[in-house]
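These are the residues of each chain, in order.
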Amino acid sequence: MAMAQVAVEMPEVEPEETFKMLGRGVNVHYGDKQALFDVSLAIRANQVTSLIGPSGCGKSTFIRCLNRMNDVIEICRVAGDITLDGRDIYSPKIDAVELRARVGMVFQKANPFPKSIFDNVAYGPRIHGLASNKTDLEAIVVQSLSQAGLFEEVKDRLHAPGTSLSGGQQQRLCIARAIAVTPEVILMDEPCSALDPIATARIEELIDELRKDYTIVIVTHSMQQAARVSQYTAFFHLGVLVEEGETEFMFTTPRDQRTQDYITGRFG
Amino acid sequence: MLLYVFAIILTLTVLAYFHGSRRAASLSAFSDTPLHSRPAYHGAYVAIWAGLPSQVLVLLWVSLETAALDALIAGTLPDAETAALSSSERGLIVSEIKSVARGLIFGEPAPFIVDAAARYGEWQRIAAWCLAASAISLVLLGLAVSQRRITALFRARHRVERVLNGTMVLCSLAAIVTTFGIVISLAFEAFKFFQHVPISEFLFGLSWEPQIAIREDQVAGTGAFGAIPVFAGTFLISAIAMIVAVPVGLMSAVYLSEFARPGFRAIVKPLLEILAGVPTVVYGFFAVLVIAPALKSFGGDIGLPIASNSALAAGLVMGIMIIPFISSLSDDALRAVPQAMREGSLGLGATRAETVLQVLLPAALPGIMGGILLAASRAIGETMIVVMAAGLIATLTLDPLQSVTTVTVQIVTLLTGDTEFDSPKTLAAFALGLTLFVMTLCLNVAALRTVQKYREKYD
Amino acid sequence: MAAKRHSRRRHARERYLRIVGLSAVAAALGMLGLLVVSLTFLGHSAFVQTMVDVPINLSEELIDRGEPAKGNYRKIVTEGFLNLLPEIQARGERREAGKILSPGARWIIKAAVVANPNLIGTTHTFTLPLADPFDQLHKGVIPRDVPQDQRRVSDNQIAWFDHIAASGRISSPFNWGLFFNADSRFPELAGLAGAIAGSFYALLVCFVISFPVGIAAAVYLEEFAPRSRWTDLIEVNINNLAAVPSVVFGLLGLALLLNFLGMPRSAPLVGGITLALMTLPTIIITTRASLTAVPPSIREAAYGIGASRHQVVLHHVLPLALPGILTGAIIGLARALGETAPLLLIGMNAFITSASGGITDPATALPTQIFIWADSPERGFLARTSAAILVLLGFLVTMNGLAVYLRRRFEWQW
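Basis of the calculations
- In this numbering scheme, every chain counts its residues from 1 along its sequence in written order.
- Chain A is the first chain written and ligand 1 is the first ligand written, with later ones labelled in order.
- It should be noted that, the model being predicted, local features are given only for residues of pLDDT at least 70 and side-chain atom pairs only at 80 or more, the latter also being counted only at that level, while totals for whole chains, interfaces and linings use all residues.
- The side-chain quantities take in all heavy atoms of the structure and omit both hydrogens and water.
- The helix count covers DSSP runs of H or I at least four residues long, the strand count covers runs of E at least two residues long, and both are numbered beginning at the N terminus.
- In this setup the radius of gyration rests on C-alpha atoms only. A globule is expected at 2.2 Å times the number of residues raised to 0.38.
- Only protein chains enter the accessibility calculation, which uses a 1.4 Å probe; a residue is then buried when its area is under 20% of its type maximum, exposed when over 50%, and partly exposed in between.
- What makes two residues a contact is simply this: any of their non-hydrogen atoms within 4.5 Å.
- Note on charges: Lys and Arg go in the positive column, Asp and Glu in the negative column, and His and the chain ends are not counted at all.
- Just so you know, the charge point we use is NZ for Lys, CZ for Arg, CG for Asp and CD for Glu.
- At least two bridges found by DSSP between two strands are what make those strands a pair.
- Put simply, buried area is how much 1.4 Å-probe accessible surface two parts lose in total, over both of them, once they are put together.
- In what follows, salt bridge is the name for a side-chain nitrogen of Lys or Arg lying within 4 Å of a carboxyl oxygen of Asp or Glu.
- Like charges are joined within 9 Å and nonpolar side chains (Val, Leu, Ile, Met, Phe, Trp, Tyr) within 5 Å, but only among residues with over 30% relative accessible area and no salt bridge; these make up the patches.
- All accessible-area figures derive from a Shrake-Rupley calculation using a 1.4 Å probe, and residue coverage is judged against the displayed protein chains alone.
- Each axis is a line fitted through C-alpha atoms, taken for helices only over the stretch in contact, and angles between the N-to-C directions span 0 to 180 degrees.
- Throughout, the term roughly parallel applies to angles under 35 degrees, roughly antiparallel to angles over 145, roughly perpendicular to angles from 65 to 115, and oblique to all others.
- In a left-handed crossing the near helix is turned counterclockwise from the far helix by less than a right angle, and in a right-handed crossing that turn is clockwise.
- We call Asp, Glu, Lys and Arg charged. Ala, Val, Leu, Ile, Met, Phe, Trp, Tyr, Cys and Pro are nonpolar, and the rest, Gly among them, are polar.
- Throughout, the edges of the domains are those of an automatic or database domain assignment.
- Cavity means a closed set of points on a 1 Å grid over the protein atoms alone, one where a 1.4 Å probe fits but cannot get out, pocket means an open set with protein on both sides within 12 Å along at least 5 of 7 lines, and lining means a residue has an atom within 4 Å of a point.
- Grid points are joined across faces, edges and corners, and a volume is the space filled by probe spheres set on the points.
- The disulfide criterion is simple: two cysteine sulfur atoms within 2.5 Å.
- Pairs of N or O atoms within 3.5 Å make up the polar contacts considered here, provided that, within protein, one atom can donate a hydrogen while the other can accept it, and that residues adjacent in sequence are counted only when both atoms are side-chain atoms.

**Student:** I tried to follow the overall build of chain B on my own but got confused; where do I start?
**Tutor:** Check the secondary structure of chain B and you find 16 helices and two strands. The C-alpha radius of gyration computed for chain B amounts to 31 Å, which surpasses the reference 23 Å derived for 459 residues by more than 25%, pointing to a less compact arrangement than a globule. When its C-alpha atoms are laid out on the principal axes, chain B stretches across 85 × 75 × 40 Å. Scored against the burial criterion, the 459 residues of chain B give a buried share of 47%. Restricting the contact set of chain B to residue pairs at least 6 apart, pairs at least 24 apart contribute 73%. Averaging the locations of the 29 positively and 30 negatively charged side chains of chain B gives two centres separated by 17 Å.

**Student:** Would you mind going over the pairing of strand β2 (residues 33–44) of chain A with me for this structure?
**Tutor:** All names here are of chain A. As paired elements, strand β1 (residues 19–30) and β2 share eight bridges and run antiparallel to each other. The residue of β2 that forms the bridge with Tyr30 is Lys33. The antiparallel hairpin formed by β1 and β2 contains two residues in its connecting segment, where Gly31 sits at a positive phi of about 65°.

**Student:** Whenever I open this one, the interface of chain B and chain A confuses me. Can you help?
**Tutor:** Frequently, the measure chosen for interface size is the accessible area removed from exposure when the parts meet. Taken together, the contact between chain B and chain A spans five residues of the former and eight residues of the latter. At the boundary of chain B with chain A, total buried surface from both sides reaches about 430 Å², with 34% on carbon and sulfur atoms. Looking at the side of chain B facing chain A, the largest losses of area belong to Arg38, Arg155 and Arg157 of chain B, adding up to 80% of the total buried there. Asp95 of chain A is the salt-bridge partner of Arg157 of chain B, the closest N and O atoms lying 2.7 Å from each other.

**Student:** What am I meant to see in the sheet that holds strand β4 (residues 76–84) of chain A here?
**Tutor:** Strand-to-strand pairing in sheets goes through backbone hydrogen bonds, with the strands running parallel or antiparallel. All names here are of chain A. Ordered in space as β2-β1-β4-β5, the four strands form an open sheet in which the pairing is antiparallel. The open sheet has two free edges, formed respectively by β2 and β5 (87–88), since each of these has just one partner strand. Pairing of β4 with β5 involves two bridges; the strand directions are antiparallel. Within the sheet, the bridge partner assigned to Thr83 lies in β5 and is Asp88.

**Student:** Would you take a moment to explain a positive patch on the surface for this structure?
**Tutor:** Residue and element names in this part refer to chain C. A cluster of basic residues, Lys4, Arg5, Arg8, Arg9 and Arg13, forms a positive patch on the protein surface. Among the structural elements, Lys4 can be located in helix α1 (residues 2–43). Residue classification places Lys4 among the exposed positions, given a relative accessible area of 57%.

**Student:** Is there a simple way to think about the side chain of Ser310 of chain B in this case?
**Tutor:** Looking at the element boundaries, Ser310 of chain B is found in the loop between α10 (280–302) and α11 (311–336). Excluding residues within four positions of it along the chain, Ser310 of chain B makes contact with Leu295, Ala389, Pro400, Leu401, Gln402 and Ser403 of chain B.

**Student:** Explain the packing of helix α4 (residues 117–128) of chain A against helix α5 (residues 134–147) of chain A to me, please; I cannot follow it from the model alone.
**Tutor:** A pair of packed helices is captured by two measures, namely the crossing angle of their axes and the spacing between those axes. Residues and elements named next belong to chain A. In the contact formed by α4 and α5, the axes pass within 9 Å of each other and the chain directions differ by 115°. By the angle between their directions, the pair α4 and α5 is classed as roughly perpendicular. Between α4 and α5 lies a crossing of right-handed hand. Along its contact with α4, which presents Ile117, Phe118, Val121, Ala122, Pro125 and Arg126, the element α5 presents Leu137, Glu138, Ile140, Val141, Ser144 and Leu145. Taken together, the residues of the contact of α4 with α5 sort by class into nine nonpolar, one polar and two charged.

**Student:** Please explain the domain arrangement of chain B as it appears in this structure.
**Tutor:** For chain B, the assigned domains are domain 1 (2–154) and domain 2 (208–458). Look at where the C-alpha atoms of domain 1 of chain B and domain 2 of chain B centre, and you get two points 48 Å apart.

**Student:** Looking at this structure, I do not really get empty space enclosed by the protein. What am I missing?
**Tutor:** In this approach the atoms are scanned with a rolling probe the size of a water molecule, which exposes any empty space left behind. Residue and element names in this part refer to chain B. Counted by the stated rule, this structure contains six cavities of 30 Å³ or more. Taken as a whole, the largest cavity spans an internal volume of roughly 60 Å³. Secondary-structure elements contributing two or more residues to the lining of the largest cavity are α8 (228–259), α9 (262–277) and α11. Residue contributions to the lining of the largest cavity peak at four residues, all from α11.

**Student:** Sorry, what's going on with the state of the cysteines here?
**Tutor:** By definition, a disulfide is the covalent link that joins the sulfur atoms of two cysteine residues. Per the stated rule, a full pass over the model turns up zero disulfides over all chains. Its sulfur unpaired, Cys174 of chain A is 12 Å from the next cysteine sulfur, which belongs to Cys192 of chain A. Take Cys174 of chain A: its relative accessible area is 2%, and that puts it in the buried class. Cys206 of chain C takes part in no disulfide bond, and the closest cysteine sulfur to it belongs to Cys171 of chain B, at a distance of 15 Å.

**Student:** Honestly, the interface of chain B and chain C in this entry has me stumped. Any pointers?
**Tutor:** Between chain B and chain C, the contact holds 75 residues from the first and 69 residues from the second. Here chain B packs against chain C, burying approximately 6,200 Å² in sum over the two surfaces, 79% of which is carbon and sulfur. Broken down residue by residue, the surface that chain B buries against chain C is led by Met168, Tyr255 and Phe285 of chain B, which jointly contribute 10%. Applying the counting rule to chain B against chain C returns one salt bridge. Note that Glu354 of chain B is salt-bridged to Arg10 of chain C, the shortest N-O span being 2.8 Å. Inspection of the region where chain B meets chain C yields eleven residue pairs in polar contact (both at pLDDT 80 or more). Each residue belonging to the side of chain B that touches chain C can be placed in one class, and the counts come to 51 nonpolar, 18 polar and six charged.

As structure tokens, then:
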């Protein structure tokens, strides 16, 4: 009971500065259909926050708001405010493109460009001008591939097409590609849903290591995964943020009946 | 000269690009604020400023120069020589001056023409130098203005992308502009025609004899512009074509999509598509050379007089041309019918033939109808086959063995050869063109709508 | 019993439909076969040209070394040729015999002498084309066994021709002139060089305009434009424009480009612009199809690392769609190459006896050349028209083959 009390109090006592990103009153419409209802959620720096919930609950929609990927979808309207380091990312002064360089994204299905492994990773640094010469660029590519735990496996065939890798390797390539532009936040939208358990385990380890340098938000449909990799968890249901808090507390002592039902497998 | 100006502008633009990107790169090397945009965007920004305005200037200049110079030179001609001339004769003098200025001298041009030619050449030279000077100074001006804007925070990428966007919007308007161009130019000339000939006579008149005298002393018909016989001929030939093409095309599609083995289909389908790729002038030659003589001698054998440029020959060959349209559109329509329908019918114990006739064809009918409408529009607008194989004389008949003429044949014959542009005869071609455009447009819109609706039904 | 009969009737109907379908396919293919066979049958003979070896005395009396272009080549050629038939003396007969050789022979010799003045004063053997009737006679198109007044060659001429042939001077080499000569009044000299050049320039202009404009329009509509009533209108408009009869584009070119803007008549520039307006919808439609075929995951990936919309399109979507776009462009150009009616209206059926030099000079195009030749009464033009058609079809097959190759070789399979 006492522990639950702490969990409830926590967001209030925590100073806002430790939040890397903060969403307040976020509403999202796709055409006439509302996908998110008044969601407020804090993303803490250098922590892994996982978003869980049954399919269609809005978790992917929310994560795509965090780097304005929804801008690409024409019928999508986002209201409310979301800040990155205290600055509103939907303000007209912010360029979505620059934002996405700071808030990178890894997708559900690995989507390497049909180019070589090297070019896949080098693409981001090239368009953002992060390397002034070829040596620098190579250093960035090697560094990112190593950080993504892929370098040892591909170092002899950096010029093979990225699509020739296995599914798990492709996903790590996509992570390396995201890291290469030195983002501050990495968003992962169900990064393991298309992978086998071994590849999944590798990615989960990787996420834990990356936490040192990056803030990570991960959408997952697996509660076990959320429990394994994240420090904070938010539970979405039907477009509403039902509950959020430290992962440990959330899975042991949920405050909401719906969360309780979900984690005990009664629906979803 | 023009080529040099283009080359110089192009070179300067490329140099401007390198200058801009170099400058941006050096900015980033000496300051702490990171560049907002990659140096390449700064380069592109400067290049756009340097190259775009001057290219636009050159294009405008070139398109207006001839008209301006012609007007100027016509204004300087001595009144004594030109006072008595009509506008077209004055035009001839101007073109003679121009060819003399180019060094093409036929016979002994009049001295005033030689004078004017010398002046014309002089002006052309002056104009060319003016163009070069103003274009190049525009480049330099653009370069000077834009390179000063380069700072670390300058959003060059946004500016460049905005210019790209603008260009793309302009390009996507090209199709609209073309349609407008067609409608306006056809309507404008047709309007002039209807000032000579009342619109009711054109639409409902039963006699078409456009070969009227241009000069007083020529012997020709009295001139009649009743287009009904022309329309009738068009419909006759198109109808023959459709009678040939629809059954053959449709049955081929049914066979290929429902009965044929995949290997057979893989060979036959591309072969049928070759028929669609054969240029129409080839079909025209084929009609004149093979089909028409064959029909004529066949008619002779059974005692039927068949004209050598009969509607039947032209229609038959046009039908051959249209077969692949109908077959490929019907094929698409049949394949769009969900597999479940096919299986449902076969599962009830229906034969393939019953499935095709009672389930698939009715289901695919809207799609097939759309294809037939499109094919009909093609048949009406088809030109070369009828120009070569159909007649020139407008006869009001529905007998396929006789020679008839079509809208497109009349357009081509009225407009080829030497004709004065403002005579009713040439203007009539535009009135016919407008009618043709409206007819095909209606058919196309109807066809595209039917097909669209059909697609949505099974998507 | 009744049920059995019923079932048999049903199967008979099935067979019947099958046979009808198969015969429809056969009819269509039969027509294609008839077309190709009759054109080949008529056209193959134009790919060889009957020539005669004639020793020509290029004496200095008839050609001035200082001005080799001014010599009396007509006389030189006739004398050289009649030397092969020394028994003919009568003036009328000499004239009759002279008609065996092509009237264009003198220009061939003139060109050779102007190019190499050292020939003056020597006797040089030239291989010269025969006049059209004798070309046809040699190829067997003009029969020998009909009465003299029903053919275009006289019995005398046949005898002389046979005399020359017996001396082994007649040969039938490959007709390079068909490709390297421009048009001519004389079938034996007429070639496609002018038409090929004209078509080439017109297609060049067409490509330069329609390719970038088409791609830009398609990219804008597919990747940038917000869905609105405007873009719907543009889309409907493009689809309709693709089905507007080609002759209407000719009217547009005539009214707008020639009469309003005062561009030069008969020029490949105008032909190219007209063809470009016609090809534009095809290119836009195929480009859009190739762009939609690029999966959205590629776009998302690029957006996810902070590429701008333009970078996404330029770096990823366009390169992946390029094979499809090129295929569409080639098919569009192939259609433009075969288009005749609009070119007739803007006057690209000029009679040009030397290959045109630029996009603003009067020119003719391959299909219009076919149209002109098809209208010519000379027997030789019949074969030449068919041969020209075979050349045109050859170009079309090559272009379409290239398109298929591109599609097979480079198109990305998702």
